[in-house]
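Geometric and topological summary
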Amino acid sequence: AAAKSAAMISQLFILAPNGHTIVHKDYRGDVPKEASETFLRKIVEKSDASPIFQVDGVNYLCVRKNGLFFLCTTVHNVSPAFVIELLTQLTKVCKDYIGVLNEESLRKNFTLIYELVDEIMDFGYPQCAATAELQAFVFNEPAPVSNPAQGRLATLKSSPKTMSSKAVHKPIALRDSSRGDKNEIFVDVIDRISATFNASGQVRTFSIDGSIQMKSYLSGSPELHLALNDELIISSSGKAGYGMVELDNVNFHECVNLEKFEQEKMLVLEPPHGEFVLMNFHIGSLRHEGQIPFRLTPTLTPISEYKQELRLQVHAEFPEKYHGANVKVQFTVPKSSTGATVELAPQAKGQTSDYDDASKTVTWQIRKFVGSSVHSISCKFVVSAGCNPRKEMGPISMNFEIPMYNVSQLQVLHLKIVERNKSYNPHRWVRCLTHADSYVCRV
């Protein structure tokens, strides 16, 4: 009995960003119906509220995804890690079956979502939360949903070699679906960079946490052979030779067969339906200067006794055939300052700047940052006598993403689908992306 109660859920909610209930299942009737209101009050009171807390003997466990709250309540002493994993898996299953995970898609597909929830949990006990295994029991067709990125990407047309990135936001095909969807598989190599720089622009810390993500729309269970760089080395303690791609740590999805990995750098797998992480990898230090995508150079100079100027120059170190998108640079001026003026370069195109006096924050946005180019910004602010602006200024943070470029140099050389039927020729799409996890420069 103790083992059973360890995984017993009383209620399940899916809440919209504004707090309205989209999905509600009450399994046991031992928790007040207004539990979601109690949860929202706690969230409003404390903006940094823990995802797990207790109020009046009721345990609240929550996962937030795309602004939506996936919430479980229980009066039993459940394993928090188990329930959080269950909720995380629920978000993945919902995304697999409806394509796009947002409030509109959930409301349009609420019958399908309720069907999924009924199969995943029975009387508060988790049953099955695997996309492929649920296909045999789910019969509702997903309703089409407009993708929020569709307008922005409308100019990207499909061709034999390229496909708009919104294509990955479609739902998986059901078991007996007659929609006629193409057999396709999407592979994304994603690098997430964490780096800190000193005021001279020198690297203090640098790491890459990356992953190979896969989304499969393949019918049947074909075997895949995915080949990585021949020069790949794992855990060589920084002793790899020139031209080698060195990773410190890796882990793989349970479906991967690693028999051919050591000698041929080949991953053999039968991919499950839907979206999953094929491989995670970590690079703990800077291997060479070419891994730095953007270099920031701040210069703080006094104009007068009461006025300071910060000039910030950002240089894109990657080749000009690539570009940084959604680039945003933020920094704060001293709290004691009484005003700030921001100036962009005279020829700046596709750039905006904003100063918020309440938070003393300067925000600089660049729509498209072409490789090998340089952009700069100037900020003048007034300080009080005796103020040390260098100590009072906050660090400069930068957010960006660079499509089709990865600093780790990990590559998918080829993706072979082994199938005896010669007419079985699915489409394969391989993309890569670098973006900033934490990119900070000290002033």
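Residues numbered from 1 in each chain as written. Predicted model: local features only at pLDDT ≥ 70, side-chain atom pairs only at ≥ 80, totals over all residues. Heavy atoms only, no water.

1. Topic: the overall build of the chain
- Of regular secondary structure, the chain possesses eight helices and 26 strands.
- In the chain, which comprises 443 residues, the share counted as buried stands at 45%.
- When contacts within the chain are restricted to residue pairs at least 6 apart in sequence, long-range pairs at least 24 apart make up 70% of them.
- In the structure as shown, the chain presents an accessible area of about 22,400 Å², 49% of it carried by carbon and sulfur atoms. (Helix = DSSP H or I, 4+ residues; strand = E, 2+ residues; numbered from the N terminus. Buried < 20%, exposed > 50% of the residue type's maximum accessible area, 1.4 Å probe, protein only. Contact = heavy atoms within 4.5 Å. Areas by Shrake-Rupley, 256 points an atom, 1.4 Å probe, with all protein chains shown as cover.)

2. Examining the sheet that holds strand β10 (residues 223-228)
- With antiparallel pairing, the four strands of this open sheet are ordered in space as β14-β15-β10-β25. The open sheet is flanked by β14 (256-257) and β25 (412-418), the only strands paired with a single partner.
- Sheet analysis places β10 next to strand β15 (residues 266-269), joined by four bridges and oriented antiparallel. Its bridge partner lying in β15, L226 is registered against L267. (Pairing = 2+ DSSP bridges.)

3. A look at helix α3 (residues 80-98)
- With 19 residues, α3 ought to run about 27 Å at 1.5 Å a step, and its terminal C-alpha atoms sit 27 Å apart, in line with that.
- Within the span of α3, buried status applies to V83, L86, L87, L90, T91, V93, C94, K95, D96, Y97 and I98.
- Immediately downstream of α3, the backbone of G99 shows phi near 90°, a positive value. (Expected span 1.5 Å × (residues − 1).)

4. As for the pairing of strand β21 (residues 351-356)
- Note: β21 against strand β22 (residues 361-370), six bridges, orientation antiparallel. Counterpart to D356 in the pairing with β22 is T361.
- Counting the residues between successive antiparallel strands, the hairpin from β21 to β22 contains four residues, one of them, K360, with a positive phi of roughly 60°.

5. A closer look at helix α2 (residues 35-45)
- Along α2, the residues that are buried comprise A35, S36, T38 and F39. Buried residues of α2 fall within an arc of 160° about the axis and therefore sit on the same side. Opposite the buried face of α2, by more than 90 degrees, sit the exposed residues V44 and E45. (Arc of directions from axis to C-beta.)

6. Some remarks on the confidence of the model for the chain
- Looking at the chain, the pLDDT average stands at 85 and 87% of residues meet or exceed 70.
- Averaged over each element, pLDDT in the chain is lowest for helix α1 (residues 2-5) (44) and highest for strand β24 (residues 396-403) (96).
- Counting contacts from residues 1-6, a segment whose pLDDT is below 50, to residues more than four positions away or on other chains yields six contacts.
- Note on residues 175-180: pLDDT is under 50 here. Beyond four places in sequence and across chains, it has ten contacts. (pLDDT = per-residue confidence, 0-100.)

7. Things to note about the packing of aromatic side chains
- In total, this model carries twelve aromatic pairs according to the counting rule given.
- With centroids separated by 5.3 Å and ring planes inclined at 85°, the aromatic side chains of F294 and F318 adopt a geometry described as edge-to-face. Taken as a pair, F294 in strand β17 (residues 294-302) and F318 in the loop between β18 (307-316) and β19 (323-332) lie far apart in primary sequence, 24 residues in all.
- Using a relative accessible area of 0% as the deciding quantity, one classes F294 as buried. (Phe/Tyr/Trp six-rings, centres within 6.5 Å; stacked < 30°, edge-to-face > 60°.)

8. Here we look at unusual backbone geometry
- In the Ramachandran plot, D56 falls in the positive-phi region, its phi being about 50° despite a non-glycine side chain.
- Secondary-structure assignment places D56 in the loop between β3 (52-55) and β4 (58-65).
- D56 sits in the exposed class, given a relative accessible area of 77%.
- Backbone geometry at F123 places phi at a positive 55°, although glycine is not the residue there.
- For F123, the location among the structural elements is in the loop between β6 (121-122) and β7 (125-126).
- A relative accessible area of 45% means that F123 is categorised as partly exposed.

9. Topic: the layout of surface pockets
- Space inside the second largest pocket adds up to approximately 400 Å³.
- If you go around the second largest pocket, you meet 18 residues; those closest to its centre are Q89, A129, A130, H253 and F276.
- Broken down by secondary-structure element, the contributors of at least two residues to the lining of the second largest pocket are α3, α6 (131-134) and β16 (274-283).
- Here the lining of the second largest pocket is built from residues that sort into seven nonpolar, five polar and six charged. (1 Å grid on protein atoms, 1.4 Å probe; cavity = no way out; pocket = protein on both sides within 12 Å on 5 of 7 lines; lining within 4 Å. Points joined across faces, edges and corners; volume = space filled by probe spheres on them. Nonpolar A, V, L, I, M, F, W, Y, C, P; charged D, E, K, R; others polar.)

10. A word on the sheet that holds β18
- Taken in spatial order, the four strands line up as β17-β18-β23-β20 in an open sheet, and their pairing is antiparallel. A single partner strand is all that each edge strand has here, and the edge strands are β17 and β20 (340-344). Averaged over all adjacent pairs, the angle separating strand axes in this sheet is 15°, with direction ignored. (Axes fitted to C-alpha atoms, helices over the stretch in contact; angles between N-to-C directions.)

11. Side note on the pattern of salt bridges
- For the structure shown, the criterion picks out eleven salt bridges.
- Salt-bridge contacts for E275 lead to K95; the nearest nitrogen and oxygen are separated by 3.0 Å. With a gap of 180 residues between them, E275 in strand β16 and K95 in helix α3 connect regions that are remote in the sequence.
- The partly exposed category is assigned to E275, whose relative accessible area is 32%.
- Residue classification places K95 among the buried residues on the basis of a relative accessible area of 16%.
- For R311, the salt bridge goes to E309, with nearest N and O atoms at 3.7 Å.
- Classification of R311 by relative accessible area gives partly exposed; the value is 42%. (Salt bridge = Lys/Arg side-chain N within 4 Å of Asp/Glu carboxyl O.)

12. Description of the nonpolar core
- Among the nonpolar cores identified, the biggest contains 66 residues, and L228, L278, F294 and Y439 are the most heavily contacted of them.
- At six residues, the largest contribution of residues to this core is made by strand β8 (residues 184-197).
- Non-local contacts of L278, meaning those with residues more than four positions away in its chain, are made with I212, Q213, M214, L226, N251, F252, H253, V256, L267 and L269.
- V63, L87, Y97 and C128 belong to the second largest nonpolar core, which has 33 residues in total. (Core = buried A, V, L, I, M, F, W, Y, C linked by side-chain atoms within 4.5 Å.)

13. Considering empty space enclosed by the protein
- With the rule as written, the count across this model stands at one cavity of 30 Å³ or more.
- Looking at the largest cavity, its volume works out to about 40 Å³.
- Lining the largest cavity are L12, L86, L87, L90, V117, I120 and M121.
- Only α3 and α5 (110-120) provide two or more residues apiece to the lining of the largest cavity.
- By residue number, the principal contributor to the lining of the largest cavity is α3, which donates three residues.
- Taken together, the residues that form the lining of the largest cavity break down as seven nonpolar, no polar and no charged.

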